[in-house]
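Survey of secondary and tertiary structure
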Amino acid sequence: MVIIIVGGQWGDEGKGKVIDYLSEQAHLVIRPQGGNNAGHTVITEHGEFKFQLLPSGILYPQVTCVIGNGVVVDPRVVLKEIEQLRERGLEPHNLVISERAHMVMSYHPIFDRLEEGVRGDDRLGTTWRGVGPAYGDKVRRIGFRIGDLQKEVFMRKKIDFVVGQVKNPILDKLYGEPQLDTEAILQEYLGYARELDPYIKDTFPLIQSALDRSDNVLLEGAQATMLDLDFGTYPYVTGSNPTAGGACTGSGIPPTRVDLTLGCLKAYTTRVGYGPFPTELEGAIGDQIRERGHEFGTVTGRARRVGWFDACVARYAVRVNGAASIALLKLDILDELDRIKVCSSYEFRGETHRHPMANISHLKHCEPQYVEVPGWEADIGSARRWEDLPRACRDYIELIESEVGAPVDLIGVGPRRDQFVERRNPWTRAKAA
Ligand code: IMP
């Protein structure tokens with residue numbers, strides 16, 4: 001069985017918790033895209049773990065965890081995360097890094113900041129991790145792949161060219177910044193080469209064998225549909241395709257082998273960084289949700305923008321990804337509200353829109369049309385079955401199902417691993433598909 005996990009909003013839906021939950025029955029977990037701009041939090045009996053690059057399944061020793069070809073890997077971060085595990089007595093024997101994955105080089109975060117700086121008021125609000133510049137270099141064919149670490153002569157020649165002929169002239173002439181030292185970069189990366197060597201592999205045979213055996217494979221998407229380079233609110237997007245199609249190209253899993261795409265949706269909406277956000281809440285309710293939901297970035301610590309559930313966004317995500325199942329997360333954060341709103345369409349220049357428009361100026365100026373429902377005003381943290389949820393809470397979930405056009409199979413009712421109401425197990429749904 002192959003399940004793709006995708007974010008259906010602007011990220012931070014709680015995908016890490018879903019992946020952790022499903023990983024127990026997985027043989028293989030693959031990160032197909034993104035870099036250390038992502039942050040997945042997993043809470044287990046060993047405590048809280050924050051992963052930016054390691055697949056969340058890493059805590060299950062029986063699960064092989066792959067950093068796929070579509071990821072951009074900052075070696076410094078992956079080594080720090082390996083260290084974090086070792087400090088708690090866990091050894092990542094189960095980690096594999098695709099030799100085709102590209103690297104975030106030490107100069108990419110520098111360029112990320114410089115490019116954001118010159119944008120001024122039009123800056124994107126990136127995470128400054130160098131992810132966009134690394135993907136840019138991949139497309140320009142001047143990127144470094146993880147496999148390059150194993151080729152010292154090639155690395156030297158390529159660093160001389162890329163840093164000496166491309167990066168340094170830009171730093172000097174465009175930004176008036178100091179030059180990068182090619183030898184120091186080479187030595188730094190040869191150091192990473194030694195430490196990462198045991199994990200670097202061609203993942204093609206490994207993934208094909210898993211498919212041949214019909215193993216349970218989980219594709220762990222980072223970021224989300226509205227941050228997709230093509231389908232998101234361009235240019236306020238990330239550098240990769242966090243949609244289902246991107247999960248296939250970022251891993252080498254053929255689209256024809258995917259059994260289920262599971263869309264993750266938060267019971268309200270959040271966004272980090274700039275760009276249009278039609279249902280954004282400014283004021284007391286927004287602050288209350290932000291505080292209760294701990295809506296501060298895992299990576300940058302920035303306060304997340306908060307808003308009502310936007311069914312136009314979620315409906316669009318369900319269709320772009322072909323999601324046949326939904327995990328609805330952080331529903332407990334709404335426990336104290338007496339009224340809750342869901343945006344079911346947008347009005348713009350006298351027309352009704354049921355999906356986000358490609359023109360982000362239209363999206364910025366549209367009027368969200370809301371359905372208002374009563375809250376449940378009860379603590380749902382101990383609910384484990386559908387029947388345990390208050391009537392108003394079930395009504396809210398059913399409203400979301402009918403608005404987005406897909407069934408809600410998993411409901412997150414708290415931060416812990418066990419705090420789920422499972423209406424249908426995604427592996428069972430995948431099997432039946
Ligand atoms: P970048 O991915 O660092 O280039 O940032 C581009 C945009 O994507 C910014 O608005 C970021 O805040 C946003 N972004 C990137 N990764 C994540 C994520 O994992 N969760 C939420 N937003 C993200």
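These numbers come from a predicted model, not from an experiment. (Residues numbered from 1 in each chain as written. Predicted model: local features only at pLDDT ≥ 70, side-chain atom pairs only at ≥ 80, totals over all residues. Heavy atoms only, no water.)

Now for the site of the ligand. Looking at the ligand, there are 15 residues lining it, with D12, N37, T127, T238 and V272 nearest. The side chain of N37 places a nitrogen or oxygen atom 2.9 Å from an oxygen atom of the ligand. One nitrogen or oxygen atom from the side chain of Q223 is found 3.2 Å from a nitrogen atom belonging to the ligand. A total of 470 Å² of accessible area belongs to the ligand in isolation, and the protein chains cover 95% of it. (Near = heavy atom within 4 Å. Polar contact = N/O pair within 3.5 Å; in protein donor to acceptor, adjacent residues only side chain to side chain. Areas by Shrake-Rupley, 256 points an atom, 1.4 Å probe, with all protein chains shown as cover.)

Scanning the entire structure with this criterion turns up seven aromatic pairs. Measuring from centroid to centroid gives 5.0 Å for Y189 and Y192, while their planes differ by 90°, and the two rings are edge-to-face. With Y189 and Y192 both in helix α6 (residues 182-196) and three residues apart, this pair spans about one turn of that helix. Note on accessibility: Y189 and Y192 belong to one class, buried. In this structure an aromatic cluster arises from ring pairing among Y107, F111 and Y175. Residue placement shows K167 over the ring face of F111; its charged tip is 5.0 Å from the ring centre. Note that K341 overlies the ring of Y370, its terminal NZ or CZ placed 5.1 Å from the centroid. (Phe/Tyr/Trp six-rings, centres within 6.5 Å; stacked < 30°, edge-to-face > 60°. Helix = DSSP H or I, 4+ residues; strand = E, 2+ residues; numbered from the N terminus. Buried < 20%, exposed > 50% of the residue type's maximum accessible area, 1.4 Å probe, protein only. Lys NZ or Arg CZ within 6 Å of the ring centre and 35° of its normal.)

Okay, the sheet that holds strand β19 (residues 408-412) next. Sheet architecture is open: ten strands sit in the order β9-β7-β5-β2-β10-β1-β11-β15-β19-β20, paired in mixed fashion. Each edge of the sheet is formed by a strand with only one pairing partner; in this case those strands are β9 (200-201) and β20 (420-422). Note: β19 against β20, three bridges, orientation antiparallel. Within β20, the position partnered with G412 by the bridge is F420. The strands that helix α1 (residues 15-23) touches are β1 (2-7), β2 (28-31), β10 (217-220), β11 (260-266), β15 (325-329), β19 and β20; relative to β1, the one it contacts most, it runs at about 165°. (Pairing = 2+ DSSP bridges. Contact = heavy atoms within 4.5 Å. Axes fitted to C-alpha atoms, helices over the stretch in contact; angles between N-to-C directions.)

The subject of this paragraph is the packing of helix α5 (residues 152-173) against α6. Where α5 meets α6, the axes come as close as 10 Å, and the angle between the chain directions of the two elements is 140°. Considering their axes alone, α5 and α6 lie oblique with respect to each other. Every pair of crossing elements has a handedness; the one defined by α5 and α6 is right-handed. Here E152, M155, R156, I159, D160, V163 and G164 of α5 come into contact with α6, specifically with T182, E183, I185, L186, Q187, Y189 and L190. (Parallel < 35°, antiparallel > 145°, perpendicular 65-115°, else oblique. Left-handed = near helix turned anticlockwise from the far one by under 90°.)

Structurally, L262 can be placed in strand β11. Classification of L262 as buried rests on a relative accessible area of 0%. Residues within four places of L262 in sequence aside, it is in contact with I3, I4, I5, V6, V18, L22, S325, I326, A327 and P426.

Take the nonpolar core next. V18 and L196 are the most contacted members of the largest nonpolar core, which has 64 residues in total. In terms of residue count, the dominant contributor to this core is α6 (seven residues). Each of domain 1 (2-93 + 202-432) and domain 2 (102-199) accounts for three or more of the residues forming this core. Contacts of V18, omitting those with residues within four sequence positions, involve I5, L262, C264, A327, L329, L410 and F420. V306, L334, L399 and V408 belong to the second largest nonpolar core, which has 37 residues in total. (Core = buried A, V, L, I, M, F, W, Y, C linked by side-chain atoms within 4.5 Å. Domains from an automatic or database assignment.)

Before going further, it helps to spend a moment on the state of the cysteines. Going through the model one piece at a time under the given rule, you end up with zero disulfides. C248 takes part in no disulfide bond, and the closest cysteine sulfur to it belongs to C264, at a distance of 16 Å. Note on C248: relative accessible area 9%, which makes it buried. Under the relative-accessibility criterion, C264 is labelled buried at 0%. (Disulfide = S-S within 2.5 Å.)

The values are spatial; any link to function lies outside them.
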